[in-house]
Each structure stands twice: as structure tokens, then as C-alpha cells.
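Fold and geometry: a report
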Amino acid sequence: MKLDNKKIFQTLNPNKVWVPVIIGLAIVFAMFYMDPNLTSENLKVVIDASPLFIFLAILVIFFRDFGYVYRIREITDRQLTWTRSIYVIILWEFASAVTPSVVGGTAVAMFILNKEGIKMGKAIAYVMVTAILDNLFFVIGAPIILYFAQGNIFPESKLLESQLGDSLQAIFWLSYALYASYSLVMAAALFYRPRVFKWLLIKIFSIKFLRKWKHDAQEYGNQIIEASKQLSGKTFNYWLPIIGATIFVWSSRYLMLNALISAFVPLDLLDHVIVFARQVIMWIVMMISPTPGSSGTAEFFYGQFFAEFLGKYTFVTSIVWRLLSYYPYLILGAIFLPRWIRQVFFKKKTEEE
């Protein structure tokens, strides 16, 4: 597989951090000025936060990032050092933060792993594995957590009801069905019958109005076959820590918000389960957002999903939530990217000379 370096560097551009920042700030200011109930007092309530739970929220973020670093190192059979794993995850998160969520940063991740010395076939396999495991966490975990939420998963929001009606539930279940189908098909293609998958792709894209994409479909089929070869023969000891890390990473991602909300209002066990479950719903909404890193979309839907728990703290916690969970990766990416380019491109070029 050949990646378009020009397009990759268009994505890995430090100047792109301003796009999601401007969009996010614009939405926040719009929400502030368009809602008559919001005043400067709504910002001052940040001092009511419990330092202990704020610290816990930050700690959970570090746990999540450590889980990502550990997982990519294990997936690559520890071919990456801890330092290189940190670089990979920061740049991967940066790419995801500056591209629309529906696009993601998978191509960039393959490029980064390849430049870290991993053969392209293996890089494709590793990125596909992470994508499948992430999707399977949602596909398997969502019904479980939604069951424990006792049906209190969709927020009672007049704004959402007026704009979407029952469409939010329809969007969620349709998206769930698509994610489940995609995950099962890709898992079967990668681990069971990659050549059958390629044959089906070619047959589908041999249809007249799809024929112009036949070459791309054939290339994708070849990638699946190559990735399958790289993963064949992996033992249980290889998969167990990776699966465990995936569960740990996504649980930490969601529990951060549980800790943040607890810093302002008390939550009982059922409330914690509902907050956790609603993040699963909101994740789907954010995944189909057309803005970089779901900027604006995340801030808007946050208020609709969690206002019933937070009341007057809703607005300020939405800002703190994004400051903790999103903007640091824009900053870290802009800092680490130039260093990574010097290390990977110029240093290697100098060594070769």
C-alpha cells in the first residue's frame, strides 16, 4: 500500500489546531449569548468543584493515555519502545483531533507506524486490529451498559425533541447496527477468510456504476490479505493484554466524565451508570460529526445529555470537559510533530549520508 505523503502532511499540520479551536469557541460563545439563562455567574461556579474529583478526572486521563501507549506497544510485539509508543499515540490523537470524526486518523496512523520502522503490511494489520477492537468494545459493551442503565439512556431534552423527535434513538440503533455489521465483517475478513472477502469486493465493484472504484477495492482486498498474514499464528498471550487494554482505555475515557460531574454534584451508583451509558450514545453522535474532532457538536450535545444532572454547572463543566479531554492533544500534537519529523526524516537522512 502506498500512502499519499502530501495528504498525510496536510493532515499532520500544526496550523490546523486553530480550526477546531475556533469552531469550539464559536459554539461556546453562541450558546452563552443565545441562552438567556446563562450569565457570568455560570462561569464563576467553577470554584465549587471538588479538588479531589478534579484530580481524579485528570488521573483517569493519564490512565487512558497510558493504556493507549501500552496497547500499541503490545500490538506491535514491543517493536516500539515506550518513547516511540508515546510519539505514535500523541500524533495519532492529534490526527483524530484535527480531522472530522467520521474520517478519523487511520491512514495517518499507518503512515506514522511505517515511519517508525514497521513494515507497511504490519502497520496496516496493527491499525485494523485497533479499529476492530475499539468497535467491538462498543458493539459488545453497549448492550450491557444500556441494560444496567434501566432504560434511562436517552436524555429528556425539549430542544432535542423539537429538532430530532425520536430520531436520536433511530440514529443510535441504526449506527449500532452498522458498527456491529462492519465489525463482524472485518473480523471475519481479517481472521477467517481474507481471500473470500477480496473476491466479494471485486464482484461488488464489478457492477457497472461501481466499476471506477474496482482498482481501489482490489487494493483494499490485498491489504486485508497481507494484514491477515501478519496476524496469523498469534497466541492467546498476544491477544489477552491487547483486549484488556482496550477495555481499560475505553472505560477510562468514559469514567473521566463521571469523575468530572462528581466534582460538582453527587451521583449515586445508578446515576454513574446512566452518565456512562449516555456517553456511549453521545459517542455515536460525535462520530458522525462533520467538524474536526467533533468541535462544536460535542459542546452542544453535552448540555442536552447531562443538564439534568448538572443544572447550573452544565455550561462550565462542558468547557472543562473539552479542556481536559480534547484540547491537550491539539497542543501536544503541535509540540511533538516538529520533533518527530526531525527525528524520523532528517535524523535518518543524516545517518544514511
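Note that this is a predicted model, so its numbers are computed, not measured.

Focus on the environment of Lys-214
In this structure, Lys-214 sits in helix H11 (residues 214-231). For the pair Lys-214 and Ile-202, spaced 12 residues apart in sequence, the C-alpha separation works out to 6.3 Å. Engagement of the side chain of Lys-214 in a polar contact is seen with the side chain of Ser-206, the distance being 3.5 Å.

Looking at the confidence of the model for the protein
Detailed reading of the predicted coordinates is not advisable wherever pLDDT falls low. In this model, the protein carries a mean pLDDT of 83, and residues with pLDDT of at least 70 account for 86%. Per-element confidence in the protein ranges from a low mean pLDDT of 56 for helix H8 (residues 158-164) to a high of 95 for helix H4 (residues 51-75).

Comments concerning the side chain of Ser-262
Residue position: Ser-262 is located in helix H12 (residues 236-262). Exposure remark for Ser-262: the relative accessible area of 12% places this residue in the buried category. Leaving out residues up to four positions away in the same chain, Ser-262 has contacts with Phe-53, Leu-267 and His-272.

Overview of the pattern of salt bridges
Close approach of charged atoms allows side chains with opposite charge to pair. Tallied over the full model, the rule gives 8 salt bridges. Here Arg-64 and Asp-65 are joined by a salt bridge, their closest N and O atoms 3.3 Å apart. What makes Arg-64 buried here is its relative accessible area of 6%. Note that Glu-299 and Arg-322 form a salt bridge whose closest N and O atoms lie 3.1 Å from each other. In this pair, Glu-299 sits in helix H14 (residues 297-310) while Arg-322 sits in helix H15 (residues 314-325), placing the two residues 23 residues apart along the sequence. Overall, the relative accessible area of 3% leaves Glu-299 in the buried class. Using a relative accessible area of 3% as the deciding quantity, one classes Arg-322 as buried.

Re helix H7 (residues 120-148)
Helix length check: H7, at 29 residues, gives a terminal C-alpha distance of 42 Å against a target of 42 Å (1.5 Å per residue), a fit within 8%. Of the residues trailing H7, Gln-150 is marked for its positive phi of about 60 degrees.

A short note on the packing of helix H6 (residues 106-115) against H7
Running from amino to carboxyl end, H6 crosses H7 at an angle of 135 degrees, the nearest separation of the two axes being 9 Å. It follows that H6 is oblique to H7 by the angle criterion. When you trace H6 past H7, the crossing you get is right-handed. On H7, the residues that touch Thr-106, Ala-109, Met-110, Leu-113 and Asn-114 of H6 are Met-120, Ala-123, Ile-124, Tyr-126 and Val-127. Looking at the contact of H6 with H7 residue by residue, the classes come out as 8 nonpolar, 2 polar and no charged.

Conventions we followed
Residues numbered from 1 in each chain as written. Predicted model: local features only at pLDDT ≥ 70, side-chain atom pairs only at ≥ 80, totals over all residues. Heavy atoms only, no water. Helix = DSSP H or I, 4+ residues; strand = E, 2+ residues; numbered from the N terminus. Polar contact = N/O pair within 3.5 Å; in protein donor to acceptor, adjacent residues only side chain to side chain. pLDDT = per-residue confidence, 0-100. Buried < 20%, exposed > 50% of the residue type's maximum accessible area, 1.4 Å probe, protein only. Contact = heavy atoms within 4.5 Å. Salt bridge = Lys/Arg side-chain N within 4 Å of Asp/Glu carboxyl O. Expected span 1.5 Å × (residues − 1). Axes fitted to C-alpha atoms, helices over the stretch in contact; angles between N-to-C directions. Parallel < 35°, antiparallel > 145°, perpendicular 65-115°, else oblique. Left-handed = near helix turned anticlockwise from the far one by under 90°. Nonpolar A, V, L, I, M, F, W, Y, C, P; charged D, E, K, R; others polar.

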